[in-house]
Amino acid sequence: MTEEKRKPRIAIHSITGCAGCQLTIYFIKDRLLDFLGAVDLVAAPMIKGKNDDDGPYDVCFVEGSVSNRRDLEHLKKWRAQSKVLVALGTCATHANVQGIKNFHDARTVHERVYGQEAANLEGGSAPVAPTPLDEHVKVDYKISGCPPEEVEILKFIKEFLTGMHPRIYHEPVCVECTKREIRCLLEDGKECMGPLIRGGCNALCPGVGHGCTGCHGPIEEANIPQTIELLKANGVPLKLINQHLQKYAGLAFDKLGAAIRKEVEGP
Ligand code: SF4
Ligand code: SF4
Ligand code: SF4
């Protein structure tokens, strides 16, 4: 008798974030049941009452940024018990909105949010600078987006299940505009971060006349100085570029955007 092929053990875990990334998976209505039939979903605390928190996992999706000590403990544990760890969403890949805190005095932020209780944030709740997962552990794949695109998640799952190495889209949003023959908003004097930002959304916002604000985070290969010149030449204020990158790019902004900071804040 042939032994039945074991289904991959999948976990969907969450640290500090809004849970919108995992909702994107659960909202893949017409194909979610196919996915669930092909895998063994052993941990998904948002939708399951009984979860295997000890692994091992074949694939562990983690959404959210590391923003307190408990996040870090969980992340290290999941990493140790996973063959493949996927950073899901821009919180996990770039620290995203939580990362805004890194540009302000941490104590002031804590006091504004927690008032007098700020001094009691200790143990697992003790804050750490909001950081993407790969600042702490090895990450095998990154699917950014706030939230990530359903089509990118489906593609990843399909390629993984068929034994391929999943390929993550790495072109800027502008490439998708070109493919869709969307007239560039910069030509009409509108603001758009597309040249700096990883696509995968099929140029969703420019497609309806709105500039890309950068929810997928910056592409790693972005030619920052050249892009600044392009955006400046088209009237996009550097202050706005700065704000958008602070909002979505978190600490990566420090690495990728030093040129922008210098221009905005002066030498
Ligand atoms: S990336 Fe966006 S949707 Fe996902 S957890 Fe963070 S804030 Fe929520
Ligand atoms: S700058 Fe914006 S509108 Fe222009 S091509 Fe790039 S993404 Fe599209
Ligand atoms: S166009 Fe930009 S802001 Fe809009 S979904 Fe795509 S990456 Fe996000």
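Residues numbered from 1 in each chain as written. Chains lettered and ligands numbered in written order. Predicted model: local features only at pLDDT ≥ 70, side-chain atom pairs only at ≥ 80, totals over all residues. Heavy atoms only, no water.

## Things to note about the pattern of salt bridges
Scanning all chains against the criterion turns up 14 salt bridges. We note a salt bridge from Arg-79 to Asp-140, for which the minimum N-O separation is 2.9 Å. Pair noted here: Arg-79 is in helix α3 (residues 69-80) and Asp-140 is in the loop between β6 (127-131) and β7 (141-143), with a separation of 61 residues, a long-range link. The exposure class assigned to Arg-79 is buried, which follows from its relative accessible area of 14%. Overall, the relative accessible area of 24% leaves Asp-140 in the partly exposed class. In this structure, the salt-bridge partner of Asp-140 is Lys-138, at a minimum N-O distance of 2.6 Å. The network of salt bridges with shared partners includes Arg-6, Asp-58 and Lys-83. (Salt bridge = Lys/Arg side-chain N within 4 Å of Asp/Glu carboxyl O. Helix = DSSP H or I, 4+ residues; strand = E, 2+ residues; numbered from the N terminus. Buried < 20%, exposed > 50% of the residue type's maximum accessible area, 1.4 Å probe, protein only.)

## As for the sheet that holds β7
In spatial order, the strands read β2-β1-β3-β5-β7; together these five strands make up an open sheet with parallel pairing. In this open sheet, the two strands that pair with only one neighbour each are β2 (40-43) and β7. Across this sheet, the average inter-strand angle for adjacent strands is 25°, counted without regard to direction. Pairing of strand β5 (residues 82-88) with β7, which is carried by three bridges, proceeds in the parallel orientation. Within the sheet, the bridge partner assigned to Ala-87 lies in β7 and is Lys-142. (Pairing = 2+ DSSP bridges. Axes fitted to C-alpha atoms, helices over the stretch in contact; angles between N-to-C directions.)

## What to know about the domain arrangement of the protein
By convention, interface size is frequently given as the accessible area that disappears when the constituent parts associate. Examined at the domain level, the protein breaks down into domain 1 (9-161) and domain 2 (173-265). Computed over C-alpha atoms, the centres of domain 1 and domain 2 are 25 Å apart. Contact with domain 1, which involves 19 residues of that partner, is made by 20 residues of domain 2. Summed over both partners, the interface of domain 1 with domain 2 comes to about 1,400 Å²; 52% of that surface belongs to carbon and sulfur atoms. A per-residue breakdown of the area domain 1 buries against domain 2 is headed by His-94, Phe-103 and Glu-149, which together make up 40% of the total. With its nearest N and O atoms 2.7 Å apart, the salt bridge here joins Glu-152 to Arg-198. Along the contact surface separating domain 1 from domain 2 lie eight residue pairs in polar contact (both at pLDDT 80 or more). Among the secondary structure elements, those contributing two or more residues to the side of domain 1 that touches domain 2 are α4 (90-94), β6, β7 and α6 (150-161). (Domains from an automatic or database assignment. Contact = heavy atoms within 4.5 Å. Buried area = accessible area lost by both parts, 1.4 Å probe. Polar contact = N/O pair within 3.5 Å; in protein donor to acceptor, adjacent residues only side chain to side chain.)

## Observations regarding the site of ligand 1
Around ligand 1 sit Gly-17, Cys-18, Ala-19, Gly-20, Cys-21, Gly-89, Thr-90, Cys-91, Asn-96, Gly-145, Cys-146 and Pro-147, and those are all the residues in its vicinity. Looking at the shell around ligand 1, the elements with two or more residues in it are α1 (20-26) and α4. Here the residues of the shell around ligand 1 are counted per class, giving six nonpolar, six polar and no charged. (Near = heavy atom within 4 Å. Nonpolar A, V, L, I, M, F, W, Y, C, P; charged D, E, K, R; others polar.)

## Digging into the site of ligand 2
Inspection of the region around ligand 2 gives Val-173, Cys-174, Cys-177, Cys-184, Leu-185, Leu-186, Cys-192, Gly-194, Pro-195 and Pro-206 as its neighbouring residues. Here the residues of the shell around ligand 2 are counted per class, giving nine nonpolar, one polar and no charged.

## Re helix α8 (residues 224-233)
Buried within α8 are the following residues: Ile-224, Thr-227, Ile-228 and Leu-231. All buried residues of α8 fall inside an arc of 105° around its axis, so they share one side. Summarising the geometry of α8, the exposed residues directed more than 90 degrees from the buried face are Pro-225, Gln-226 and Ala-233. One or two residues past the end of α8 sits Gly-235, with phi positive at roughly 80°. (Arc of directions from axis to C-beta.)

## A word on α3
For α3, spanning 12 residues, the distance from its first C-alpha to its last is 17 Å, which sits close to the expected 16 Å at 1.5 Å a residue. Regarding α3, the residues found buried are Asp-71, Leu-72, Leu-75, Trp-78 and Arg-79. Looking straight down α3, one finds its buried side chains confined to an arc of 135°; they lie on one side. Residues of α3 that are exposed and point more than 90 degrees away from the buried face comprise Glu-73 and Ala-80. (Expected span 1.5 Å × (residues − 1).)

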